[in-house]
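# Summary of the model geometry
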Amino acid sequence: MLIDLHCHTKNVKNGDGKKREPTRDLFKEKVELSQVKILAITNHNYFDVDQYQNFREVVNEFCDVWPGIELDVKELGKKSGHVLVIVNPNKVEEFNEITKRYINNKDANDYCITVTELCNMFNSLEVIYIPHFFKDHQLS
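In short, a report on the structure. Residue numbers here run from 1 along each chain, matching the order of that chain's written sequence. Local features in a predicted model are, by the rule used here, given only for residues with pLDDT of at least 70; side-chain atom pairs are given and counted only at 80 or more, and totals for whole chains, interfaces and linings are based on all residues. The basis for the side-chain values is all heavy atoms of the structure; hydrogens and waters are excluded.

### A few points about the overall build of the chain
Counting from the N terminus, the helices are DSSP H or I runs at least four residues long and the strands are E runs at least two residues long. In terms of regular secondary structure, the chain is built from four helices and six strands. In the chain, the order of α-helices and β-strands from amino to carboxyl end is β-α-β-α-β-β-α-β-α-β. Taken against the 2.2 N^0.38 rule, which gives 14 Å for 140 residues, the C-alpha radius of gyration of the chain at 15 Å falls within 12% of a compact globule. Reported as C-alpha extents along the three principal axes, the dimensions of the chain are approximately 45 × 30 × 30 Å. As defined in this context, the radius of gyration uses C-alpha atoms, and a globule is described by 2.2 Å times the residue total to the power 0.38.

### Quick word on the nonpolar core
Put simply, buried Ala, Val, Leu, Ile, Met, Phe, Trp, Tyr and Cys residues joined by side-chain atoms within 4.5 Å make one nonpolar core. To sort residues, take the accessible area from a 1.4 Å probe on protein chains only and compare it with the maximum for the residue type: under 20% means buried, over 50% means exposed, and anything in between is partly exposed. Ranked by internal contacts, the top residues of the largest apolar core, which has 31 residues, are Phe27, Leu39, Leu71, Val85 and Phe122. For this core, the elements supplying multiple residues, two or more each, are helix 1 (24–34), strand 2 (36–41), helix 2 (49–59), strand 3 (64–74), strand 4 (80–87), helix 3 (92–102) and helix 4 (115–122). Sort the elements by how many residues they give to this core and helix 2 lands first, with five residues. Excluding residues within four positions of it along the chain, Val85 makes contact with Pro67, Gly68, Ile69, Leu71, Phe95, Leu118, Phe122, Val127, Ile128 and Tyr129. In this structure, Ala40, Trp66, Leu84 and Ile86 belong to the second largest nonpolar core, which totals five residues. Residue contacts are defined here by distance: any two heavy atoms, one from each residue, within 4.5 Å place the two residues in contact.

### Structural notes on helix 3
Residues of helix 3 that are buried include every one of Val92, Phe95, Asn96, Ile98 and Thr99, and no others. An end-on view of helix 3 places all buried positions within 165° of arc, on one side of the element. Looking at the buried side of helix 3, the elements it contacts are helix 2, strand 3, strand 4 and helix 4. Picture the helix axis, draw a direction to every C-beta atom, and the arc is the one those directions span.

### A look at the packing of aromatic side chains
Between rings of Phe, Tyr and Trp, where Trp is taken as its six-membered ring, a pair exists when centres lie within 6.5 Å; planes separated by under 30 degrees are stacked, by over 60 edge-to-face, and by other angles tilted. A full pass over the atoms with the stated rule returns four aromatic pairs. Ring centres of Phe47 and Tyr52 lie 5.9 Å apart, and the angle between their planes is 45°; this geometry places the pair in the tilted category. Given a relative accessible area of 2%, Tyr52 falls into the buried group. Judged by centre distance (4.8 Å) and plane angle (70°), the ring pair of Phe47 and Phe95 falls under edge-to-face.

### Observations regarding the packing of helix 1 against helix 2
Geometry is summarised by axes, namely lines fitted to C-alpha atoms with helices restricted to the contacting stretch, and by angles between N-to-C directions that run from 0 to 180 degrees. At a minimum axis separation of 9 Å, helix 1 and helix 2 run at an interaxial angle of 50°. By the angle between their axes, helix 1 is oblique relative to helix 2. For the crossing formed where helix 1 meets helix 2, the hand is right-handed. Where helix 1 abuts helix 2, its residues Arg24, Phe27, Lys28 and Val31 lie against Asn54, Phe55, Glu57, Val58 and Val59. In terms of residue class, the contact of helix 1 with helix 2 is made up of five nonpolar, one polar and three charged. Should an angle fall under 35 degrees it is taken as roughly parallel, and over 145 as roughly antiparallel, whereas 65 to 115 is taken as roughly perpendicular and any remaining angle as oblique. Should the near helix be turned anticlockwise from the far one by less than a right angle, the crossing is termed left-handed; should it be turned clockwise, right-handed. We call Asp, Glu, Lys and Arg charged. Ala, Val, Leu, Ile, Met, Phe, Trp, Tyr, Cys and Pro are nonpolar, and the rest, Gly among them, are polar.

### Examining the pattern of salt bridges
Think of a salt bridge as a Lys or Arg side-chain nitrogen and an Asp or Glu carboxyl oxygen that are within 4 Å of each other. By the definition in use, this model includes five salt bridges. Salt-bridge contacts for Lys13 lead to Asp72; the nearest nitrogen and oxygen are separated by 3.0 Å. Of this pair, Lys13 sits in the loop between strand 1 (2–7) and helix 1 while Asp72 sits in strand 3, and the two are 59 residues apart along the sequence. As far as the burial class goes, Lys13 and Asp72 line up, both buried. Put simply, Glu57 and Arg24 hold a salt bridge, and the shortest N to O gap is 3.2 Å. One end of the pair, Glu57, is in helix 2; the other, Arg24, is in helix 1, and 33 residues separate them in sequence.

Given below as structure tokens:
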């Protein structure tokens, strides 16, 4: 089974590619061609619940889509890195409330939190954390 837990669907931060704005039809076509069966949408420092539900609906016959976000996280005394936060689809409403309250109203280019803040924000949900490694934006 193919799984993609790092899928961008929005051009949110400076430097994000223009191809990160797929239409509903293009998203369906790409997911179907890829044969991925589980996919997490993880845009940078932003969660769009409407897009998530729209894209989930269009591929629901052949792929399960999970809500997520890729956050800039700083370590004490070190530069920031990226962490994927992926949530059980049954918790999408709670996830949306948290992102709406603490993240979506901030500038995605400047948003950065600590590991403690990250855990305090999402640990009450059924969550998977995946830090970047072997990339420019990695945690140590």
